[in-house]
Amino acid sequence: MIKGKHVLFGMLGTAGLAGAAYLFNLSRLSAELEVENKAAIHKVTLSGLTIRIDVTLKNPTGGSINVKYPFVKLLYSDTTLGSSEVKDQNFDLAKFAKQILDPIYINLSFMSLASSVPALLKEYRSTGKFDLIIKIVSTLNDTIPFSKTQNISIGSQKQVT
């Protein structure tokens, strides 16, 4: 009976170590995953702006990653201006590979900007550009939360077409 317990504890210990190594590798993949964002004013209408965001995910590691399609938020200081749609879509990012996502368009109404962040409109009128924060939120391998934040300047540069 004692011999059986030792075998059982040995198996559980081995499984625990393997699980811990797996989680460590996933955590490392999360830290190593690179996100490259480009944003520009795509369209200006009488009602507002449409911002185009191009997201490229890069995996510089030797392990493949299953990535949930990222959710994108645009912020000005601590104020959320807009966000992308939520997509229940996964894709595999192979080792040493990159994935260029379809462009993400976020509409910003002048009326809501004027009431929530008048400083942004003032900055845009005086300089022709404004600084935003892009926050990417996703899940890796259906278990590891992933987010990256990037400051970006929009306007007064060549626009993405």
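Small disclaimer: the values here were computed from a predicted structure and weren't measured.

What counts and how
Residue indices begin from 1 for each chain and proceed along its sequence in written order. Only residues with pLDDT of 70 or above have their local features reported here, since the model is predicted, and side-chain atom pairs are shown and tallied only from 80 upward, although totals for entire chains, interfaces and linings are computed over all residues. By convention in this description, side-chain values take in all heavy atoms of the structure and omit both hydrogens and water. Strands here are runs of E lasting at least two residues and helices are runs of H or I lasting at least four, both read from the DSSP assignment and numbered beginning at the N terminus. Burial status follows relative accessibility: with a 1.4 Å probe on protein chains alone, a residue under 20% of its type maximum counts as buried, one over 50% as exposed, and anything between as partly exposed. Residue contacts are counted whenever heavy atoms from the two residues lie within 4.5 Å of one another. Using the Shrake-Rupley algorithm and a 1.4 Å probe, accessible areas are obtained, with residue cover drawn only from the displayed protein chains. Here, strands pair whenever DSSP counts at least two bridges between them. What counts as a salt bridge is simple: a side-chain nitrogen of Lys or Arg found within 4 Å of a carboxyl oxygen of Asp or Glu.

(A) Quick peek at the overall build of the chain. Looking only at helices and strands, the chain features three helices and 10 strands. Here the chain holds 161 residues, and the buried ones make up 35% of them. When contacts within the chain are restricted to residue pairs at least 6 apart in sequence, long-range pairs at least 24 apart make up 65% of them. For the chain, the accessible area works out to roughly 9800 Å², and carbon and sulfur atoms hold 57% of it.

(B) The pairing of strand β2 (residues 48–59), seen in detail. Of all the 12 residues making up β2, 11 are buried; the element is thus mostly covered by neighbouring parts of the structure. As paired elements, strand β1 (residues 34–44) and β2 share 10 bridges and run antiparallel to each other. Paired with E36 across the bridge in β2 is T56. The antiparallel pairing of β1 with β2 creates a hairpin that spans three residues between the two strands. Here four bridges tie β2 to strand β7 (residues 97–100), and the two strands are oriented antiparallel to one another. Bridge pairing in β7 places N59 opposite A97.

(C) Fine view of the pattern of salt bridges. The tally for this structure, following the rule as stated, stands at three salt bridges. Put simply, D54 and R52 hold a salt bridge, and the shortest N to O gap is 3.1 Å. As far as the burial class goes, D54 and R52 line up, both buried. Residue K68 is joined to D88 by a salt bridge in which the shortest nitrogen-to-oxygen separation is 2.6 Å. Placement of K68 in strand β3 (residues 65–68) and of D88 in the loop between β5 (79–83) and β6 (90–93) is noted, with a sequence separation of 20 residues between them. For D88, a relative accessible area of 73% corresponds to the exposed category.

(D) Quick peek at the pairing of strand β10 (residues 144–155). Where strand β9 (residues 129–140) and β10 come together, 12 bridges link them in antiparallel fashion. When the bridges of β10 are listed, L132 appears paired with I152. Connecting β9 to the antiparallel partner β10 that follows it, the hairpin turn spans three residues, and N141 within it adopts a positive phi of roughly 50°.

(E) Examining the environment of K129 more closely. Positionally, K129 belongs in strand β9. We classify K129 as partly exposed; its relative accessible area is 37%. Each C-alpha atom of the pair K129 and G155 lies 4.2 Å from the other, and the pair is 26 residues apart in sequence.

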